[in-house]
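Remarks on the overall topology
For reference, the chains in residue letters:
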Amino acid sequence: MRKHDTFANIWSHFFAILGSLSGLFFVALMASGGDDLSFSLGAFAVPFFSLSFHIDKLSAFFIFIISLISLFCSVYAIGYVKHFYKKYDIGALGFFYNLFILGMLLVVSSSNWLFFLIAWEVMSITSYFLVVYDRNDPQNVKAGFLYLIMTHVGTAFIITAALLLYKFTGSFEFEAIQSGASSIPLSIKNTIFIFTIIGFGTKCGIVPFHIWLPDAHPAAPSHVSALMSGVMIKTGIYMMIRIFFGMLWPVPVWWGLALLVLGSISSLLGVLYALTEHDIKRLLAYHSIENIGIILLGLGGALTFLSLNMLPLALLSLTAALFHTLNHATFKSLLFLGAGSVINQTHTRNIEEYGGLIKYMPYTAFFFLVGSMAISALPPFNGFFSEWLTFQSLFLGIASLSLYEKWIFILAAGSLAFTGGLALACFVKAFGVTFLARPRSSHTSGAKESSLSLRIGMGAMALLCLLFGIGSSHVVVFLESVGKNLAIFKGTASLISSSGQQVVVGNNFGSVSLLFLCICFVFVAGLVFYIVTFVINKNQKIETGATWDCGTDLTGRMEITATGFSRSIVTIFKGILRPSIQHDIEYHDAQSRYLPKSRTITLGVQDVYQSYFYQPLNRMVSLIALRVKSIQSGNTNMYILYIFIALIISLLFVL
Amino acid sequence: MFIDIIIWIIQIILVPAVAPLCVGIIRKIKAKLQNRQGAGIFQPYQDLWKLFHKDEVISKDASWIFRCAPYIVFTVTIIIGASIPLFASFINNTVTGDLLIIIYTLAIGTFFLALAGIDTGSAFGGFGSSREMTVAALAEGGFIFSLLTVALISGSTNVFTISQTGLLYQSQYLLSGTLAFFGFFIVLLAETARFPFDNPATHLELTMIHEAMILEYSGKKLALMEWASANKLLIFIALASNLFFPLGIAQSAGISAVMLGMVIFMIKIVIFCLVIAVLESSIAKFRFFRLPDLLIIAFIFNVVAIILIH
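As annotated in an unreviewed UniProt entry, chain B is Formate hydrogenlyase. Looking at chain B in UniProt, the text filed under Subcellular location (unreviewed entry) is "Membrane".

A look at the overall build of chain B
Secondary structure assignment for chain B yields 11 helices and one strand. Moving toward the C terminus, one meets the helices and strands of chain B in the order α-α-β-α-α-α-α-α-α-α-α-α. The globule rule puts the C-alpha radius of gyration for 310 residues at 19 Å, and the 19 Å found for chain B is close to it. C-alpha extents for chain B along the principal axes are approximately 55 × 45 × 45 Å. The burial tally for chain B puts 60% of its 310 residues in the buried class. Within chain B, contacts between residues at least 6 apart in sequence are counted, and of these 80% link residues at least 24 apart.

Notes on the overall build of chain A
For chain A, the helix and strand inventory stands at 23 helices and eight strands. Once the C-alpha set of chain A is aligned to its principal axes, its extents read approximately 95 × 75 × 60 Å. When the 655 residues of chain A are sorted by exposure, 52% land in the buried category. Pairs at least 24 residues apart make up 79% of the contacts formed inside chain A by residues separated by at least 6 positions.

Digging into the interface of chain B and chain A
Between chain B and chain A, the contact holds 68 residues from the first and 64 residues from the second. Contributing elements (two or more residues each) for the side of chain B that touches chain A: β1 (56-59), α3 (64-83), α4 (99-119), α5 (123-154), α9 (219-244) and α11 (291-308) of chain B. Per element, the largest residue contribution to the side of chain B that touches chain A is 18 residues, and it comes from α5(B). Considered class by class, the residues forming the side of chain B that touches chain A number 38 nonpolar, 20 polar and 10 charged. Pairing of strand β6 (residues 542-545) of chain A with β1(B), which is carried by four bridges, proceeds in the parallel orientation. In the strand pairing of β1(B), Ile542(A) is matched with Glu56(B).

Focus: the domain arrangement of chain A
Once the domains are mapped, chain A shows domain 1 (299-537), domain 2 (558-607) and domain 3 (609-654). Centre-to-centre separation of domain 2 of chain A and domain 3 of chain A, based on C-alpha positions: 45 Å.

A few points about unusual backbone geometry
Between Pro379(A) and the following residue, Pro380(A), the backbone shows a cis peptide bond with an omega angle of 5°. Looking at the element boundaries, Pro380(A) is found in the loop between α14 (362-375) and α15 (382-400). Residue Pro196(B) is reached from Phe195(B) by a cis peptide bond, and omega for that bond is -5°. Along the chain, the position of Pro196(B) falls in the loop between α7 (174-191) and α8 (210-213). With phi around 45°, Asn537(A) is a residue other than glycine that occupies positive phi space. Mapped onto the fold, Asn537(A) is located in the loop between α19 (514-535) and β6. Accessibility expressed as a C-beta count within 10 Å gives 17 for Asn537(A), which makes it partly exposed. Even without being a glycine, Ala193(B) presents a positive backbone phi close to 55°. Along the polypeptide, Ala193(B) turns up in the loop between α7 and α8.

Section: the sheet that holds strand β5 (residues 510-512) of chain A
Sheet strands pair by backbone hydrogen bonding; their relative direction is either parallel or antiparallel. All names here are of chain A. Sheet architecture is open: three strands sit in the order β3-β4-β5, paired in antiparallel fashion. At either end of the open sheet lies a strand with only one pairing partner, and these are β3 (496-499) and β5. Adjacent strand axes in the sheet meet at a mean angle of 15°, parallel and antiparallel pairs treated alike. Looking at chain direction, strand β4 (residues 502-505) and β5 are connected through three bridges and run antiparallel. If you follow valine 505 over to β5, its bridge partner there is glycine 510. On top of the sheet, helix α18 (residues 472-484) reaches β3 and β4; it is set at about 140° to β3, its chief contact.

Observations regarding the packing of α19(A) against α3(B)
Contact geometry of α19(A) with α3(B) gives a least axis separation of 9 Å together with a crossing angle of 120°. Relative to α3(B), the element α19(A) lies oblique. In the crossing of α19(A) with α3(B), the sense of the turn from one axis to the other is right-handed. Contact with α19(A), carried on its side by Cys520(A), Phe521(A), Val524(A), Ala525(A), Val528(A) and Phe529(A), involves Tyr71(B), Ile72(B), Phe74(B), Thr75(B), Ile78(B) and Ile79(B) of α3(B) and no other residues of that element. Here the contact of α19(A) with α3(B) is composed, by residue class, of 11 nonpolar, one polar and no charged.

Thoughts on the confidence of the model for chain A
Within chain A, residue pLDDT values average 88, and 98% of them lie at 70 or more. At the level of individual helices and strands, chain A shows its lowest average pLDDT in strand β1 (residues 37-41) of chain A, which scores 72, and its highest in α14(A), which scores 95.

Some points on the nonpolar core
If you look at the biggest cluster of nonpolar residues, it comprises 325 residues, and the most contacted ones within it are Cys22(B) and Leu115(B). It is helix α16 (residues 403-435) of chain A that contributes the most residues to this core, 19 residues altogether. Composition of this core by domain shows at least three residues from each of domain 1 (299-537) and domain 2 (558-607) of chain A. Residues contacting Leu115(B), with those up to four places away along its chain left out, are Val428(A), Phe431(A), Gly432(A), Leu436(A), Ile65(B) and Ala69(B).

Brief notes about helix α17 (residues 452-470) of chain A
All names here are of chain A. Over its 19 residues, α17 extends 27 Å from the first C-alpha to the last, a length consistent with the 27 Å expected when each residue adds 1.5 Å. Taken together, the buried positions of α17 are occupied by Leu454, Arg455, Gly457, Met458, Met461, Ala462, Leu464, Cys465, Phe468, Gly469 and Ile470. In this fold, the buried residues of α17 make contact with α2 (57-80), α12 (311-346), α14, α15, α18 and α19.

Brief notes about helix α23 (residues 636-654) of chain A
For α23(A), which comprises 19 residues, the first-to-last C-alpha distance of 27 Å matches the rise-based estimate of 27 Å (1.5 Å per residue) to within 8%. Of all 19 residues in α23(A), zero are buried; the element is thus mostly exposed.

Details of the UniProt feature "transmembrane region" (unreviewed entry) in chain B
Residue and element names in this part refer to chain B. UniProt records the feature "transmembrane region" (unreviewed entry) for residues 6-26, 64-87, 99-121, 133-153, 173-190, 230-249, 255-279 and 291-309 in the present numbering. The span residues 64-87 shows a helical share of 83% and a strand share of 0%, and its end C-alpha atoms are spaced 37 Å apart. End C-alpha atoms of residues 173-190 are separated by 26 Å, and the span's content is 94% helix alongside 0% strand.

Considering the environment of Ile560(A)
One can find Ile560(A) in the loop between β6 and α20 (562-572). C-beta crowding within 10 Å serves as the criterion here: with 24 such atoms nearby, Ile560(A) is assigned to the buried category. Here Ile560(A) is in contact with Phe565(A), Ile118(B), Ala123(B), Gly126(B), Phe127(B) and Ser130(B), once residues within four sequence places are set aside.

Some words on the pairing of β1(A)
All names here are of chain A. Among the five residues in β1, zero count as buried, and that is only a small part of the element. Where β1 meets strand β2 (residues 51-55), five bridges bridge the pair, whose relative direction is antiparallel. The partner of serine 38 across the bridge, within β2, is histidine 54.

Cut-offs used in this document
- Residues numbered from 1 in each chain as written.
- Chains lettered and ligands numbered in written order.
- Predicted model: local features only at pLDDT ≥ 70, side-chain atom pairs only at ≥ 80, totals over all residues.
- UniProt positions renumbered as here; feature names shortened; annotations may be inferred.
- Helix = DSSP H or I, 4+ residues; strand = E, 2+ residues; numbered from the N terminus.
- Rg over C-alpha atoms; globule rule 2.2 N^0.38 Å.
- Buried ≥ 20, exposed ≤ 12 C-beta atoms within 10 Å, placed from the backbone.
- Contact = placed C-beta atoms within 7 Å.
- Nonpolar A, V, L, I, M, F, W, Y, C, P; charged D, E, K, R; others polar.
- Pairing = 2+ DSSP bridges.
- Domains from an automatic or database assignment.
- Axes fitted to C-alpha atoms, helices over the stretch in contact; angles between N-to-C directions.
- Parallel < 35°, antiparallel > 145°, perpendicular 65-115°, else oblique.
- Left-handed = near helix turned anticlockwise from the far one by under 90°.
- pLDDT = per-residue confidence, 0-100.
- Core = buried A, V, L, I, M, F, W, Y, C linked by C-beta atoms within 7 Å.
- Expected span 1.5 Å × (residues − 1).

Take a look at the structure:
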């Protein structure tokens, strides 16, 4: 059995790595060749269906992200899945894992709606099986069920949108729809827009369609969480770009503004809920919602500029959104892999039980620190550059727009500013409570550094975070060419000029060089270290002592906890987060209540959308179901009568 | 060419060289207002010198984060000190002079300072970090937007260009500029751990924020931390004086212009120190949960200021 596990593990991930490498190779060919690739496989007797592919630079860019992340996730997985040996079937994991990657690749390269929907379902269903892979935990099965429902509600909206497009253009082929889009009336377009937002927004995790995300991502094995959070939710972004910037063009102004508002809400609420979390993977999942919000800010800005016919600014915003998509994929996968490495050693996801892991797992801690700095947008890592670009496009929007559009851009820039600050606080909490200080529970005592394949996977991601940051002046040129490749941006003047290592936005509106900053930083820090250590008072003695303990014995329980750390922010935002406190005191003497035996305090955060949106919806559905129940008598003759009546009514309609 | 090199060297070393003086002046003025004699204004230099020659005790719970943090925090202030206009605005730094670079690079310092506070496992340090991050997170909006207001007026997010444009000379931006300045001043007090946000002189566990995080430091590392926080104060004073009141800053190369710029910069520092000292002597520290109100006010001032720009 053991041998069988190893065999399945090696081969399934070998093929995943092979697939990823060929994906990267293909993108490299695309980048050097430069032409779009279009082909169909076989001819089918089924009407409207064709296995047609169309791969332009946008598709190639997403193929690049998928291949890159799955390459390192697969390397990581070889070591990671070892703890599933003898518990579950490794072959099944490998099967669904490979099929999942294939599904994502097909989603971004198909150009026929029916083919696309099949690929979309392959991606969704395989990821469902991966979410419930650890099936002995009932929590995971429940999370998987919620995911399955939400993703299919989303798919229902997508199918409706596709059918509406078919009704008015007469084709399921993307290109035919694009050329026939002018015949779609505005009201239908608006409907399609709303359906697309709900459908793809559910997959992306836009607030308020995100409720599955914080449950499902933690349930999956960590390398799958990394792929789901880093890559899968981006396929929703990909289709939004395809539809809004391609198929449905031209679009009214309010679409872009609506995206900006949704992005602002998602980013702020995402980071606020992340602050309240003490489950490390749920925390990261909420940060995915935040980052999708930031991507939407770029996308919404681009769409607004586009509908106001300010093409260069639109291209800038789109570039920012694409860059953040790439960056979020790298640092979020890195963080999930780091979290997986920690969970593997401590067997708990509760960060209140970690502490002091930096001494046991120095590599994991360092890689997680890099990821934390990147996601908090600290220079010179990649997260900073894309947020800088998003800020610049929003600033230029504030400078050049008027009236209510300007207000919405101010709102968006403001929420991005606060999001940045709160994300920083959240990652001080996540890193500090997990890796620093003393162990808080016995869970950490047995922790050892993870095996080589895990370290390679994480290390490569950490390196990418740095490289995409200091090489941002080169990457941004590529991403801009991806945007320029879209039909509407043909011949658009560029607002980004990259000279050497420096990137300039607009007419000298802003400029930055992260490579220079990085070199300066290393040089100055080295100089300061040299002077302080070897020049001034070089005979200094350093003693190791105990932390100042006010005369008591310091234990792990005296350190700050994750809940305590974020308590002040939660209190400040109590209007939104609705924290609840429940005191339970058990007494030795229940009558007189003088001698308490134990006190329990339960802190919780209410889900606003859960109690004001999903629960009423749930009640309504149940109520309707109850009413419908009365016509279900269980008598077959009765049902035949219903069918007959339905037939007659439909005949009346047709005739 | 030669004069450029000299100006750049002055630019780089000016902040660490003058920053302790700034702290000394504030302490002296506060002492005078409290009818005390007070230490001389050069006392902070002697304190740093003393600390650099002390031995160190490091907690056994501390990791390399605790050991590296002072160097990182100090380096951040040196780099930002060189990336903002101090006495001359004609030296255009387009690589690190962007306002977002300044804000987020300063955030690196805050990040490591807060991590170092947690690292020793002391309850004081952890709560100091928690409070510091709360204040920093809420100050971020006001910080970015106050600099954005002046950036929008001058059409560039580069702080040297903003300073060169000279916003006070244009009367139609007076109201926006004033509102943005007040917003920025609130952020200055918050980020540099001054009244009403924090008390730089106290070590009372209930109130300290910044001091709680560096409680476990001693010797050279404490000296670096103290010096870095003095640098940060000077950086904020320089931003406040040169972005909002760029009077007298050297706008072109020339010995006389540069000399005048330096003298005026010193005068501005003294004026700001005076204002901060008087403010600290006349108001009490706010309760922690009233601080968000103040920081949100800073943000709203700037939203209004941006709307008022035509």
